[in-house]
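# Summary of structural features
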Amino acid sequence: MELIQRLRAGDEQAFVVLVRRYHDSMIRLASSFVPSRAVAEEVVQDTWMGVVRGIGNFEGRSSLRTWLFRILVNRARTAGTRERRSVAIGDAEPAVDPSRFDEAGAWLSPPEQWIEEADDRLRSGKLAGRIRSAIEELPARQREVVTLRDVEGLSSDEVCHVLEITDGNQRVLLHRGRSRVRQVLETEFGRA
Amino acid sequence: MRLGIMARRREIVCQQAVELVTDYLEGALPSAARRRFERHLAGCPHCTEYLAQMRATIELAGRVTADDLTPQMQDEFIALYRQWRAEPEPPGD
């Protein structure tokens with residue numbers, strides 16, 4: 001039986017599957033809207049309650065995870081005190097430090113190689129923590145988009161729906177977030 | 001003045017190319033801009049490497065796994081679940 005049907009039927013193991021899969025991601029996402037881990041945990045628990053009580057109303061028009069994240073973001077926004085700066089999008093933030101290009105805009109200090117090195121480290125398990133912290137260090141709005149798109153694997157449409165942002169803003173935030181994470185990996189593992 | 005120089009004026013430079021990577025990967029570049037970006041890559045090993053690194057960054061982010069619940073948290077969630085199912089409407093809501 002599908003997870004949704006099992007949830008509707010009140011199967012508590014299905015609920016455990018869902019919580020194990022998404023709880024940690026939801027805490028991370030909620031943390032970007034609220035001032036503390038404790039508030040994030042409250043928001044997530046409140047979301048789970050909403051999910052349990054509302055599963056009968058879930059119509060399946062969006063995916064289950066999109067529905068989950070959408071409930072979470074709505075509740076996190078209500079609980080959040082952080083002012084969401086709409087001007088943040090307009091702030092200039094180059095993907096690569098301008099000093100790495102010459103006057104004509106060509107690479108002066110080209111990207112250092114790191115892909116193979118990162119692959120080796122990933123296999124030995126050392127890299128996962130660094131990538132995770134690089135994502136956690138992103139500015140909140142970039143972190144939200146990168147987490148949903150690249151860690152959770154939502155589509156751009158799903159992310160726009162969950163965060164209530166335009167496709168254009170989603171791409172700008174994604175671009176800045178990914179560019180910063182790439183730079184962290186280059187700094188950490190790069191060799192000229 | 002060579003014609004080649006005139007033609008090149010419309011080409012992009014590396015510093016512009018790195019800003020187009022996400023739009024390119026998202027399929028959001030208009031076709032002329034997409035062709036210009038690909039022409040730049042064809043002649044620029046550094047930007048080709050940069051694009052590969054952005055792809056690798058995305059792929060590595062996708063391998064970040066969530067922390068699992070502790071057995072104690074699982075028990076707590078099961079208890080909460082039973083409570084929520086038992087009283088479908090929160091008191092005073």
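Rules and cut-offs
- Residues numbered from 1 in each chain as written.
- Chains lettered and ligands numbered in written order.
- Predicted model: local features only at pLDDT ≥ 70, side-chain atom pairs only at ≥ 80, totals over all residues.
- Helix = DSSP H or I, 4+ residues; strand = E, 2+ residues; numbered from the N terminus.
- Buried ≥ 20, exposed ≤ 12 C-beta atoms within 10 Å, placed from the backbone.
- Contact = placed C-beta atoms within 7 Å.
- pLDDT = per-residue confidence, 0-100.
- Expected span 1.5 Å × (residues − 1).
- Bend = angle between axes of the 7 residues up to and from the residue.
- Axes fitted to C-alpha atoms, helices over the stretch in contact; angles between N-to-C directions.
- Left-handed = near helix turned anticlockwise from the far one by under 90°.
- Nonpolar A, V, L, I, M, F, W, Y, C, P; charged D, E, K, R; others polar.
- Core = buried A, V, L, I, M, F, W, Y, C linked by C-beta atoms within 7 Å.
- Domains from an automatic or database assignment.

## Quick look at the overall build of chain A
- Counting its regular elements, chain A contains nine helices and zero strands.
- Mapped from its N terminus to its C terminus, chain A presents α and β elements in the order α-α-α-α-α-α-α-α-α.
- In terms of its C-alpha atoms, chain A occupies a principal-axis envelope of roughly 65 × 40 × 30 Å.
- Classification of the 192 residues of chain A by burial places 39% in the buried group.
- Looking at chain A alone, contacts between residues at least 24 apart form 66% of all its contacts between residues at least 6 apart.

## Describing the overall build of chain B
- When helices and strands are tallied, chain B shows five helices and zero strands.
- Out of the 93 residues in chain B, the part that is buried amounts to 18%.

## Considerations on the confidence of the model for chain B
Residues and elements named next belong to chain B.
- Across chain B, the average pLDDT comes to 87, with 84% of residues at 70 or higher.
- When pLDDT is averaged over each helix and strand of chain B, the minimum, 49, is found for helix α1 (residues 3-8) and the maximum, 97, for helix α2 (residues 14-25).
- Note that pLDDT drops below 50 for residues 1-6; the model gives that stretch zero contacts with residues more than four away or on any other chain.

## Focus: helix α2 (residues 12-31) of chain A
- The terminal C-alpha atoms of α2(A), which comprises 20 residues, lie 27 Å apart, in line with the 28 Å expected from a rise of 1.5 Å per residue.
- Of all the bends found along α2(A), the most pronounced is centred on A:Tyr22 and spans about 45 degrees.
- Within α2(A), burial applies to A:Phe15, A:Leu18, A:Val19, A:Tyr22, A:His23, A:Ser25, A:Met26, A:Arg28, A:Leu29, A:Ala30 and A:Ser31.
- The inward-facing, buried residues of α2(A) abut α1 (3-8), α3 (37-54), α4 (64-79) and α7 (140-151) of chain A together with α5 (71-86) of chain B.

## As for the packing of α2(B) against helix α4 (residues 45-61) of chain B
Residues and elements named next belong to chain B.
- Packing of α2 against α4 leaves a shortest axis separation of 10 Å and a crossing angle of 35 degrees. The handedness of the crossing between α2 and α4 comes out as right-handed. Residues Cys14, Ala17, Val18, Val21 and Leu25 of α2 touch α4, and the partners they reach there are His46, Cys47, Tyr50, Leu51 and Met54.
- Of the residues assigned to the contact of α2 with α4, the class counts are nine nonpolar, one polar and no charged.

## Considering the nonpolar core
- Residues A:Ala30, A:Leu72 and A:Ile135 are the most contacted members of the largest nonpolar core, which totals 49 residues.
- The two domains that each donate at least three residues to this core are domain 1 (3-79) and domain 2 (91-189) of chain A.
- Excluding anything up to four places from it in sequence, A:Ala30 contacts A:Ala40, A:Val43, A:Val44, A:Leu72 and A:Ala76.
- Judged by nonpolar contacts, the second largest core, of 14 residues, contains B:Cys14, B:Val18, B:Val21 and B:Phe37.

## Side note on the confidence of the model for chain A
- Confidence in the prediction for chain A averages 89 pLDDT; 91% of positions are at 70 or higher.
- When pLDDT is averaged over each element of chain A, helix α8 (residues 156-163) of chain A comes out on top at 96 and helix α5 (residues 115-123) of chain A at the bottom at 79.

## So, the interface of chain A and chain B
- Each side of the interface is counted separately: chain A has 43 residues, and chain B has 35 residues.
- Every element with two or more residues in the side of chain A that touches chain B is listed here: α2, α3, α5, α6 (127-136), α7 and α9 (167-189) of chain A.
- Within the side of chain A that touches chain B, the residues separate by chemical class into 26 nonpolar, seven polar and ten charged.

## Quick look at unusual backbone geometry
Residue and element names in this part refer to chain A.
- Despite not being glycine, Glu164 shows a phi value in the positive range, around 55 degrees.
- As for its position among the elements, Glu164 is in the loop between α8 and α9.
- The exposure class of Glu164 is exposed, given the 10 C-beta atoms found within 10 Å.

## Considering the domain arrangement of chain A
Residues and elements named next belong to chain A.
- When cut into domains, chain A gives domain 1 (3-79) and domain 2 (91-189).
- Averaged C-alpha coordinates put domain 1 and domain 2 at centres separated by 26 Å.
- The partner domain 2 presents eleven residues to the ten residues of domain 1 that form the contact.
- For the side of domain 1 that touches domain 2, the secondary-structure elements that each account for two or more residues are α2 and α4.
- Element by element, the count of residues in the side of domain 1 that touches domain 2 is highest for α4, at five residues.
- In terms of residue class, the side of domain 1 that touches domain 2 is built from three nonpolar, four polar and three charged.

## Here we look at the environment of A:Glu2
Residues and elements named next belong to chain A.
- Mapping Glu2 onto the fold places it in the segment before α1.
- Given 10 C-beta atoms within a 10 Å radius, Glu2 is considered exposed.
- Separated by twelve residues in sequence, Glu2 and Ala14 place their C-alpha atoms 9.3 Å apart.

## Structural notes on the environment of A:Val19
- Mapped onto the fold, A:Val19 is located in helix α2.
- Taking the C-alpha atoms as reference, A:Val19 lies 8.1 Å from A:Trp48; in sequence the two are 29 residues apart.
- In this view, A:Val19 contacts A:Trp48, B:Leu69 and B:Phe77; residues no more than four positions away in its chain are not counted.

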